[in-house]
Amino acid sequence: MVITAVRQTKKGRFALFSEDGFLFSLDSETFFAEHIEEGSAFSDAELALLRAKSETRKACDKALQYLSLRAYAAGELYQKLCLKFDERSAAAAVAKVENLGMLDDAAFARQRAEYLAKRNKSPMEIRRHLAARGVGREEIELALAPWRETDGEGVPPAQQAILRLLEKSYGAKLAAGKRDNVCAALARRGFSHGDIRAALALYEQNDQEDTL
């Protein structure tokens, strides 16, 4: 197929035309690297390869744009790119930015888990959140490792989160004798029954000490 016309678009890309009309547009890097001009001839396979190269570069540019705004897990970035590009281009773009050291699922999972923990999310909620963003099981469990530790007073982080929720949102209900309702609400948030019982015991103990 012969390129009969080349026109630069408003977005800086190069639109290619044949005698049958518009073919597709290329990014400037691909266009100049392949020395394309009017009269250049390509087979269908060569045109498909050119288009694939350009789409991959376009996907890489979009990936860099996304990463300039916030951190992403590799799986989440791939999912987002697939909304605009084919799976091959999206995967190639993710691989490219990963090779540049711009993706770190372990660091992403750790930072996101810390952020959610400060907002009193349960380990189950954090697991679901990270899994939905394409983070692997191993990275998720490493990010949640602090939840299996205790602070200086021996209170696990999950119970600390429950205590903060009790003080912030459920104190009035407990005072009104709605203990079962509070337990059910905390369970729906994904906290274990063991952590709920232990945190309630601590909360009630502290409440009794404050009244003495």
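Okay, so let's go over this structure.

Focus: the side chain of S122
Topologically, S122 is positioned in the loop between α5 (105–118) and α6 (123–132). A polar contact is formed between the side chain of S122 and the backbone oxygen of R189, at a distance of 2.6 Å. Beyond its immediate stretch of four places on either side in the chain, S122 contacts R189, G190 and F191.

So, the pattern of salt bridges
Under the definition given, this model contains 6 salt bridges. In this structure, the salt-bridge partner of E76 is R133, at a minimum N-O distance of 3.8 Å. With E76 in helix α3 (residues 74–81) and R133 in the loop between α6 and α7 (137–143), this pair connects stretches of sequence that are 57 residues apart. With a relative accessible area of 25%, R133 lands in the partly exposed category. Note that R179 is salt-bridged to E204, the shortest N-O span being 2.8 Å. Residue R179 is located in helix α9 (residues 179–188), and its partner E204 is located in helix α10 (residues 193–211); the two are separated by 25 residues in the primary sequence.

Quick word on a positive patch on the surface
A cluster of basic residues, K11, K58, K80 and K84, forms a positive patch on the protein surface. Counting through the fold element by element, K80 comes out in helix α3.

A few points about the environment of V182
In this structure, V182 sits in helix α9. Setting aside residues up to four positions removed in sequence, V182 forms contacts with L166, Y170, K173 and L174.

Comments concerning the pairing of strand β1 (residues 5–8)
Of the strand pairs in this sheet, β1 and strand β2 (residues 14–18) are connected by 4 bridges, and their pairing is antiparallel. Within β2, the residue paired with R7 across the bridge is A15.

Some points on the environment of A74
Inspection of the secondary structure puts A74 in helix α3. Excluding residues that lie within four positions of it along the chain, A74 makes contacts with V94, L103 and D105.

Looking at unusual backbone geometry
Comment: phi is negative for the bulk of residues other than glycine, and the bulk of peptide bonds are trans. At H35, a residue that is not glycine, the phi angle is positive and equals roughly 55°. Phi at N120 takes a positive value of approximately 65°, unusual for a residue other than glycine. Relative to the helices and strands, N120 is located in the loop between α5 and α6.

Some points on the side chain of S54
Here S54 shows up in helix α2 (residues 44–69). Looking at S54, the relative accessible area reads 0%, which means it is buried. In this structure, S54 is in contact with R13, S25, L26, D27 and T30, ignoring residues within four places of it in sequence.

The rules behind the values
- Residues numbered from 1 in each chain as written.
- Predicted model: local features only at pLDDT ≥ 70, side-chain atom pairs only at ≥ 80, totals over all residues.
- Heavy atoms only, no water.
- Helix = DSSP H or I, 4+ residues; strand = E, 2+ residues; numbered from the N terminus.
- Polar contact = N/O pair within 3.5 Å; in protein donor to acceptor, adjacent residues only side chain to side chain.
- Contact = heavy atoms within 4.5 Å.
- Salt bridge = Lys/Arg side-chain N within 4 Å of Asp/Glu carboxyl O.
- Buried < 20%, exposed > 50% of the residue type's maximum accessible area, 1.4 Å probe, protein only.
- Patch = residues over 30% accessible without salt bridge, like charges linked within 9 Å, V, L, I, M, F, W, Y side chains within 5 Å.
- Areas by Shrake-Rupley, 256 points an atom, 1.4 Å probe, with all protein chains shown as cover.
- Lys, Arg positive; Asp, Glu negative; His and termini not counted.
- Charge placed at Lys NZ, Arg CZ, Asp CG, Glu CD.
- Pairing = 2+ DSSP bridges.

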